[in-house]
Amino acid sequence: MKNTILICLFALSLNGFAQTKKPSNLETITLGGGCYWCVEAVYENLDGVKSVVSGFSGGTVADPTYEEVCTGETGHAEVVQITYDKNVTDINEIFKVFFTVHDPTTLNRQGADVGTQYRSVIFYKNDEQRKAAQSIITELNKAKVYSSPIVTKVEPFKKFYKAEDYHQNYYANNKNQPYCKMVIQPKIEKFEKVFKDKLKKK
């Protein structure tokens, strides 16, 4: 009887482990392309993306607030942490979207948003991501896709701090705000036009 109970408990523990273990087909990448509201809104619509979280990376201050990052003194960039299913999309497609919806040639600036917190940056988590990032940057520069050289930094990922709750899903929750209409909506429209075959089914 004791053996039967032990076997059952062992089976249950294995089942619980299987349920909590992160599926091997999921991967994350952290990207900074100006205001994270814009980048988040675009990737939310890419097929294969499971979650997009707005936050901060690349700085020296632990757990910074939005107000602190906005001063430009913490060293952080506004970023999104994207979790995607590698069986549906891949890192190359993630980067193609990235270089389509923001200007990677303006140093510490995206439109009217100016400061190091708006820098173009890729924080890679493994060698595959690093090589893919460097490769697409080299190809885009070689093909002279932009009139100026790409200034996007490729740096190893160290730490991600989630932004305050009101920054999450900002576009979806504030579509009538002037910034959403004038800045974010055009980026979404461009993305939907270029990647029309890659959109999530609604």
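Please refer to the structure placed before this passage.
Residues numbered from 1 in each chain as written. Predicted model: local features only at pLDDT ≥ 70, side-chain atom pairs only at ≥ 80, totals over all residues. Heavy atoms only, no water.

Points about empty space enclosed by the protein
Applying the stated criterion to the full structure yields 1 cavity of 30 Å³ or more. Volume-wise, the largest cavity comes out at about 30 Å³. What lines the largest cavity is Gly-33, Cys-38, Val-39, Val-42, Val-101, His-102 and Lys-187. Considering every element that reaches the lining of the largest cavity, the biggest residue donor is helix α2 (residues 36-43), with 3 residues. (1 Å grid on protein atoms, 1.4 Å probe; cavity = no way out; pocket = protein on both sides within 12 Å on 5 of 7 lines; lining within 4 Å. Points joined across faces, edges and corners; volume = space filled by probe spheres on them. Helix = DSSP H or I, 4+ residues; strand = E, 2+ residues; numbered from the N terminus.)

Some words on the packing of helix α4 (residues 91-101) against helix α5 (residues 127-142)
Two numbers describe how α4 lies on α5: the axes approach to 10 Å, and their chain directions differ by 45 degrees. The angle between α4 and α5 falls in the class oblique. Crossing angle aside, the handedness with which α4 passes α5 is right-handed. Contacts between α4 and α5 pair Ile-91, Asn-92, Phe-95, Lys-96 and Phe-99 from the former with Glu-128, Gln-129, Ala-132, Ala-133, Ile-136, Ile-137 and Leu-140 from the latter. A breakdown of the residues in the contact of α4 with α5 according to their chemical character gives 8 nonpolar, 2 polar and 2 charged. (Axes fitted to C-alpha atoms, helices over the stretch in contact; angles between N-to-C directions. Parallel < 35°, antiparallel > 145°, perpendicular 65-115°, else oblique. Left-handed = near helix turned anticlockwise from the far one by under 90°. Contact = heavy atoms within 4.5 Å. Nonpolar A, V, L, I, M, F, W, Y, C, P; charged D, E, K, R; others polar.)

Details of the environment of Glu-44
By the secondary structure assignment, Glu-44 is in the loop between α2 and β2 (49-57). Along the primary structure Glu-44 and Ile-82 are separated by 38 residues, whereas in three dimensions their C-alpha atoms are 9.1 Å apart. Those residues in contact with Glu-44 that lie beyond four places of it in its chain are Val-52, Asn-169 and Lys-200.

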